2 protein chains.
Amino acid sequence: MTPTIKVISNHRSIRKFTEQALSVEQREAIMGAAQAAPSSSFLQASAVIRITDPELRAKVMALCGKQPYIGSAPEFWVFCADFNRHLQWVPEAQTGFAEQLLIGAIDTALMGQNAMTAAESLGLGAVFIGAVRNNPHELSALLQLPKGVIPLFGLCMGYPAQDPETKPRLPASLMFCDNAYPAEFDSATMQAYDEVVQDYYRTRTGGRKEMTWTGQIGDTLSKEARPFILDFLKEQGFCLR
Amino acid sequence: MTPTIKVISNHRSIRKFTEQALSVEQREAIMGAAQAAPSSSFLQASAVIRITDPELRAKVMALCGKQPYIGSAPEFWVFCADFNRHLQWVPEAQTGFAEQLLIGAIDTALMGQNAMTAAESLGLGAVFIGAVRNNPHELSALLQLPKGVIPLFGLCMGYPAQDPETKPRLPASLMFCDNAYPAEFDSATMQAYDEVVQDYYRTRTGGRKEMTWTGQIGDTLSKEARPFILDFLKEQGFCLR
């Protein structure tokens, strides 16, 4: 196991931070690591907005599920898919394709994960914030995101003030397979995993939460998933064709 | 700079590999690193198909722009967004939301980048293959991908048999900004970057290619971007609402 794999494998989302700021050198190293990610057709279809203004940070937090660490983290960055830059330089560019949504989402996520890993290698903790998609119209107005730009996820970073356990992932046999998608999954493996997750929550919450994985995804998927997103994507010029 | 940031910053896509296979330990370390990535609402909405059958590999290669390294790389994995597993365990799950396409694409890319970084830390080289989206219907039939599953990108891995330069990225000032998307980008910075990219291609190709970045994105974006993807996504149960 390499030091890098050790850093990656030790990932836990950190949601409590000390007040210590990141140094300029740390910030630039994380930015450089993010940009070193591969880019489909070298389009570099991403933009990152760093929210430094405390008043703006409070407004963003209010739009993103009021998660307090958005307000308190030393750094909060909003990762966006960005084809606006291309339209500025190549006004005749053909856009609006669902494929470009995939390119923007995938490539920006590659950058985000590099930023996460770089931060963790520096002894920092971090958490991604999907809730930047809670109120995308309002958030885009606030951050002055033009057409061609959509907020995908946020990233809080800072020195950790908590030390949670790593969360047990699906057994590899349920996520990886050879040559074809499996006709069915092994239900005994699944049940064993449900118990592992239940134990994890029981231990972590001192018995207050007892949730299996299938129970949890059942809850999550019983609700609508941000049903306004498709219209927002179309208004911003994605997924039109 | 940490050893991990050094690994990340040294990324170049590797498209020529020696014949040396990965060890089981290496493969398992890369799988573990991939799974350690964060997962939105802990949905773990991804599946990875490892293509080991040489005949199948040849067929997949034919569908993916005939890129020879898909055939020759010691490892070739297809990363998919996967909500089928959830539908098997929670048949009443609400799916079809564009938001779930974003979750699947972003989270699977986080996994892919962890796999890439882990592989590179082991001295391996790798390249992502967007061309798995060239013929998604045919590829899905070949890999028996059911509804709820879409191939997002491939990953070739092996010991590098080439040592290319790192590719110069957009200046950070054109990718990162504070508090708002910039009203306009600095054109002098852009022009300087165009020259850097032109030099990179000139040096790399011995003068045969002289392409600026704006020239390159102009070429790429003058064409349709996989216009069949939106229909494919809908057929697989994504982006319907």
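Residues numbered from 1 in each chain as written. Chains lettered and ligands numbered in written order. Predicted model: local features only at pLDDT ≥ 70, side-chain atom pairs only at ≥ 80, totals over all residues. Heavy atoms only, no water.

(A) Spotlight on the pairing of strand β4 (residues 149-158) of chain B. Residue and element names in this part refer to chain B. Most of β4 is tucked away, with 10 of its 10 residues classed as buried. Sheet topology note: the strand β2 (residues 75-82)/β4 ladder contains eight bridges and is antiparallel. Directly across from Phe79, in β4, lies its bridge partner Phe153. Bridge analysis of strand β3 (residues 125-129) against β4 gives five bridges, and the strand direction is antiparallel. (Buried < 20%, exposed > 50% of the residue type's maximum accessible area, 1.4 Å probe, protein only. Helix = DSSP H or I, 4+ residues; strand = E, 2+ residues; numbered from the N terminus. Pairing = 2+ DSSP bridges.)

(B) Representation of the interface of chain A and chain B within the structure. On the chain B side, the residues contacting the 109 residues of chain A number 109 residues. Approximately 9,500 Å² of surface area, both sides summed, lies buried where chain A meets chain B, with 67% of it carried by carbon and sulfur atoms. The tally of links between chain A and chain B comes to six salt bridges. Among the ionic pairs, Asp178 of chain A bridges to Arg50 of chain B, the shortest N-O distance being 4.0 Å. One can count 47 residue pairs in polar contact (both at pLDDT 80 or more) joining chain A with chain B. If one sorts the elements of the side of chain A that touches chain B by residue count, helix α6 (residues 98-121) of chain A sits on top with 17 residues. Taken together, the residues of the side of chain A that touches chain B break down into 69 nonpolar, 26 polar and 14 charged. (Contact = heavy atoms within 4.5 Å. Buried area = accessible area lost by both parts, 1.4 Å probe. Salt bridge = Lys/Arg side-chain N within 4 Å of Asp/Glu carboxyl O. Polar contact = N/O pair within 3.5 Å; in protein donor to acceptor, adjacent residues only side chain to side chain. Nonpolar A, V, L, I, M, F, W, Y, C, P; charged D, E, K, R; others polar.)

(C) Quick look at the sheet that holds β4 of chain B. What the five strands build is an open sheet, ordered β5(A)-β1(B)-β2(B)-β4(B)-β3(B); its pairing is mixed. Across the chains shown, the open sheet's two edge strands, defined by having one partner strand only, are β5 (176-178) of chain A together with β3 of chain B. Between one strand axis and the next, the sheet turns by 25° as a mean value, whatever way the strands run. Bridge analysis of β5 of chain A against strand β1 (residues 46-50) of chain B gives three bridges, and the strand direction is parallel. Across the sheet, the residue bridging to Cys177 of chain A is Ile49 of chain B, located in β1 of chain B. Against the sheet, helix α2 (residues 24-35) of chain B touches β5 of chain A together with β1, β2 and β4 of chain B, its axis set at about 25° to β2 of chain B. In this fold helix α6 (residues 98-121) of chain B packs onto β5 of chain A together with β1, β2, β3 and β4 of chain B, with an angle of close to 5° to the strand it touches most, β4 of chain B. (Axes fitted to C-alpha atoms, helices over the stretch in contact; angles between N-to-C directions.)

(D) Focus on helix α9 (residues 187-204) of chain B. For α9 of chain B, built from 18 residues, the straight-helix expectation of 26 Å at 1.5 Å per residue is met to within 8% by its first-to-last C-alpha distance of 26 Å. For α9 of chain B, the complete set of buried residues consists of Met190, Tyr193, Asp194, Val197, Tyr200 and Tyr201 of chain B. Viewed along the axis of α9 of chain B, the buried residues span an arc of 120°, placing them on a single side of the element. Exposed and facing more than 90 degrees away from the buried side of α9 of chain B are Ala188, Gln191, Glu195 and Thr203 of chain B. Residues of α9 of chain B that are buried make contact with α5 (84-89) of chain A together with α8 (172-175) and α10 (213-221) of chain B. (Expected span 1.5 Å × (residues − 1). Arc of directions from axis to C-beta.)

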